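Observations on the three-dimensional arrangement
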Amino acid sequence: MMGAAEKAGLGFDEEGMVAGTAPPVRKMQALDFEHIGSLAAVAESLTPRSKWRRALRSVRIVIFQAKINVLLPFGPLAIALHYLSGKHQGWVFLFSLIGITPLAERLGYATEQLACYTGPTMGGLLNATFGNATEMIISIYALKNGMIRVVQQSLLGSILSNMLLVLGCAFFAGGLAHPNRDQVFNKASAVVNSGLLLMAVLGLMFPAVLHFTHSEAHYGKSEVSLSRFSSCIMLVAYASYLFFQLKSQRSLYSPIGEEEEATEDEEDEKEITQGEAISWLFVLTIWISILSGYLVDAIQGASESLNMPLAFISVILLPIVGNAAEHASAIMFAMKNKLDITLGVAIGSSTQISMFVIPFCVVIGWMMGEEMDLNFQLFETATLFITVLVVAFMLQEGTSNYFKGLMLILCYLIVAASFFVHVDPKSSDNK
């Protein structure tokens, strides 16, 4: 038996163990308890009760947490009004428009949640893609009904809305939130997007010029053939841009300060799981598709009953609803001083519509037998060209403030007023 002095000399503690060492039995017991606890948590998460609880929590977050969802009942009301009374097309249009607004915003929310699991670069692409899902769905329905001018004007209006109204409001809100200094963003990415937008203007301009100068080799055929060829080239250019941004030069176009803030922000913003986000994207896209059908059917009647030009409805009203998700997220990121994400949402969305959605609609129309072309008429093409130049000049310094935002908003008001007094040329005059 060792005495107390010997134990003290060897560094034994009161329980007879060498000081600084943990009892092996207790350590194994602690590990066992941790392992059993984690297995119990996993088993509990797989029970039907926990799945229902998680599903109800997801519904509460996505449906009941957002105040804008008080507008959701307008969607079913529009459908009911369509079948109960076919004469009130103006009300069906307005109710469909209001009903799609919260769905578009929630679609943007689900996309942002999914982006938390995919990283910032892919997240920006997802934001732009699903943010434009509403416009694509409306365009396909309109193409199916042979409403080519509605497709052209709504897509043009979406570009104008993103570049002037959404970006302007984001710059304005961000400037007011940070009034003592200019906000900074990655100028290289903005310059590349501006170049792609100018390329889109090039693609839209030549079919219009070819038509209005009456210099077609085959009258009525050449502009459609040129539009289809140009659309294929634009799709190749956009695919090359995606590879360039996501693979080849990924580090060059990463947001400023991304490394320090990405992990912390993603953990803070995750509210639903990745599977739940994908499920909500699927459900919301289907519901938007259903409402878009009634919206497109009621456009012509709404123009007559509301005494409002069809061009104004297509270029101004439809894109404001379709861009609800981009509008909310762009302003939110600008106020958080994340201008690179704001530009990815606003300018990236405009680039995607001009270089992917519009050429895609031309190809889809080609498959449907509809002569959808890139001849957007001189008034619309000139408006887009001037808008791209104005925004390119605003972005060339790589900084933003509330005054730049105010100028963009005022420019959009001028564009909106122009389309309110603009009468679309008769089809007989265009051919």
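Numbers given for residues are sequential positions, taken from 1 along each chain in its written order. In keeping with the predicted nature of the model, local features appear solely for residues at pLDDT of at least 70, side-chain atom pairs appear and are counted solely at 80 or more, and the whole-chain, interface and lining totals rest on all residues. Working from all heavy atoms in the structure, the side-chain values ignore hydrogens and water.

**With respect to the pattern of salt bridges**
Definition used for salt bridges: Asp or Glu carboxyl oxygen within 4 Å of a side-chain nitrogen of Lys or Arg. One pass over the structure, following the stated rule, counts two salt bridges. Linking Lys404 and Glu397 is a salt bridge whose minimum nitrogen-to-oxygen distance equals 3.3 Å. When a residue's accessible area, from a 1.4 Å probe over protein chains only, is under 20% of the maximum for its type it is buried; when over 50% it is exposed; and in between it is partly exposed. Here Glu397 falls in the exposed class, since its relative accessible area comes to 53%.

**Digging into the packing of helix H8 (residues 148–177) against helix H17 (residues 378–395)**
The angle between the axes and the distance between the axes are what describe a pair of packed helices. Remark: H8 packs on H17, axes separated minimally by 11 Å, with the N-to-C direction vectors making an angle of 20°. By the angle between their axes, H8 is roughly parallel relative to H17. Between H8 and H17 the crossing geometry is left-handed. Together, Arg149, Gln153, Leu156, Ile159, Leu160, Met163, Leu164, Leu167 and Phe171 of H8 and Glu380, Thr383, Leu384, Thr387, Val388, Val391 and Leu395 of H17 make up the contact between the two elements. Amino acids outside the nonpolar list (Ala, Val, Leu, Ile, Met, Phe, Trp, Tyr, Cys, Pro) and the charged list (Asp, Glu, Lys, Arg) are all regarded as polar, and Gly is one of them. Across the contact of H8 with H17, the residue classes tally to eleven nonpolar, three polar and two charged. Helix axes use the C-alpha atoms of the stretch in contact, all axes being lines fitted to C-alpha atoms, and the angles between their N-to-C directions lie in the range 0 to 180 degrees. Going along the chain from the N terminus, every DSSP run of H or I of four or more residues is numbered as a helix, and every run of E of two or more is numbered as a strand. Orientation categories follow fixed angle ranges, with anything under 35 degrees roughly parallel, anything over 145 roughly antiparallel, 65 to 115 roughly perpendicular, and all other angles oblique. Crossings are classed by handedness, with left-handed meaning an anticlockwise turn of the near helix from the far one by less than a right angle and right-handed meaning a clockwise turn. In what follows, a contact means two residues having at least one pair of non-hydrogen atoms within 4.5 Å.

**Quick look at the side chain of Ser58**
Within the secondary structure, Ser58 sits in helix H3 (residues 48–64). Judged by relative accessible area, which is 3%, Ser58 ranks as buried. Discounting residues that sit within four places of it in the chain, Ser58 has contacts with Ile272, Glu276 and Trp280.

**So, the packing of helix H9 (residues 187–212) against helix H16 (residues 339–368)**
Interhelical geometry of H9 versus H16 gives an angle of 30° and a closest axis separation of 10 Å. Relative to H16, the element H9 lies roughly parallel. Here H9 runs over H16; the crossing is left-handed. Seen from H9, the contacting residues are Ala190, Asn193, Leu196, Leu197, Met199, Ala200 and Leu204; seen from H16, they are Leu343, Ile347, Gly348, Ser350, Thr351, Ser354, Met355 and Ile358. Across the contact of H9 with H16, the residue classes break down as ten nonpolar, five polar and no charged.

**Concerning the nonpolar core**
Counting residues in hydrophobic clusters, the biggest one holds 94 residues, and the most contacted among them are Phe93, Leu167 and Leu395. For Phe93, the contacting residues outside a window of four places in its chain are Leu295, Ala298, Ile299, Ala302, Ile313, Leu317 and Leu318. Residues enter a nonpolar core if they are buried and are Ala, Val, Leu, Ile, Met, Phe, Trp, Tyr or Cys, with the set joined through side-chain atoms within 4.5 Å.

**Considering helix H4 (residues 74–84)**
Buried within H4 are the following residues: Gly75, Ala78 and Ile79. End-on view of H4: buried residues confined to an arc of 95°, all on one side of the axis. Against helix H5 (89–118) and helix H12 (274–297) lie the buried residues of H4. Relevant arc is that of directions from the helix axis to the C-beta atoms, nothing else.

**A closer look at the packing of aromatic side chains**
Within 6.5 Å between ring centres, the rings of Phe, Tyr and Trp (the latter by its six-membered ring) count as paired, and their orientation is classed by plane angle as stacked under 30 degrees, edge-to-face over 60, tilted in between. Tallied over the full model, the rule gives nine aromatic pairs. Judged by centre distance (5.3 Å) and plane angle (75°), the rings of Phe74 and Phe95 are edge-to-face. Pair noted here: Phe74 is in helix H4 and Phe95 is in helix H5, with a separation of 21 residues, a long-range link. Owing to a relative accessible area of 18%, Phe95 belongs among the buried residues under this scheme. Where Phe312 meets Phe420, the ring centres are 5.1 Å apart and the plane angle is 85°; that geometry is what we call edge-to-face. In this pair, Phe312 sits in helix H14 (residues 310–322) while Phe420 sits in helix H18 (residues 402–420), placing the two residues 108 residues apart along the sequence. A relative accessible area of 13% places Phe312 in the buried class. Relative accessible area serves as the criterion here: at 43%, Phe420 is assigned to the partly exposed category.

**Some details on a nonpolar patch on the surface**
A patch consists of residues whose relative accessible area exceeds 30% and which take part in no salt bridge; residues with like charges are grouped when within 9 Å of each other, and nonpolar side chains (Val, Leu, Ile, Met, Phe, Trp, Tyr) when within 5 Å. The accessible surface values rely on the Shrake-Rupley method and a 1.4 Å probe; as for residues, cover is taken only from the protein chains in view. A contiguous nonpolar surface patch, about 580 Å² in accessible area, is contributed by Leu176, Tyr402, Phe403, Leu406, Leu410 and Leu413. The element best represented in the nonpolar patch is H18, accounting for five residues. With respect to the helices, strands and loops of the structure, Leu406 is situated in helix H18.

**What to know about empty space enclosed by the protein**
Here a cavity is any set of points on a 1 Å grid over the protein atoms alone where a 1.4 Å probe fits but cannot get out, and a pocket is any open set with protein on both sides within 12 Å along at least 5 of 7 lines; a residue lines the site when it has an atom within 4 Å of a point. Grid points are joined across faces, edges and corners, and a volume is the space filled by probe spheres set on the points. In this structure the tally under the stated criterion is three cavities of 30 Å³ or more. The computed volume of the largest cavity comes to approximately 60 Å³. Together, Glu135, Ile138, Ser139, Ser154, Leu155, Leu318, Pro319 and Gly322 line the largest cavity. In terms of residue class, the lining of the largest cavity is made up of four nonpolar, three polar and one charged.

**Observations concerning the environment of Tyr412**
With respect to the element layout, Tyr412 can be found in helix H18. Relative accessible area serves as the criterion here: at 4%, Tyr412 is assigned to the buried category. Tyr412 sits 251 residues away from Ser161 along the chain, and the two C-alpha atoms are 7.4 Å apart. Non-local contacts of Tyr412, meaning those with residues more than four positions away in its chain, are made with Leu160, Ser161, Leu164, Leu165, Val315, Ile316 and Ile320.

**Examining unusual backbone geometry**
With phi around 65°, Asn337 is a residue other than glycine that occupies positive phi space. Along the chain, Asn337 turns up in the loop between helix H15 (324–335) and H16.

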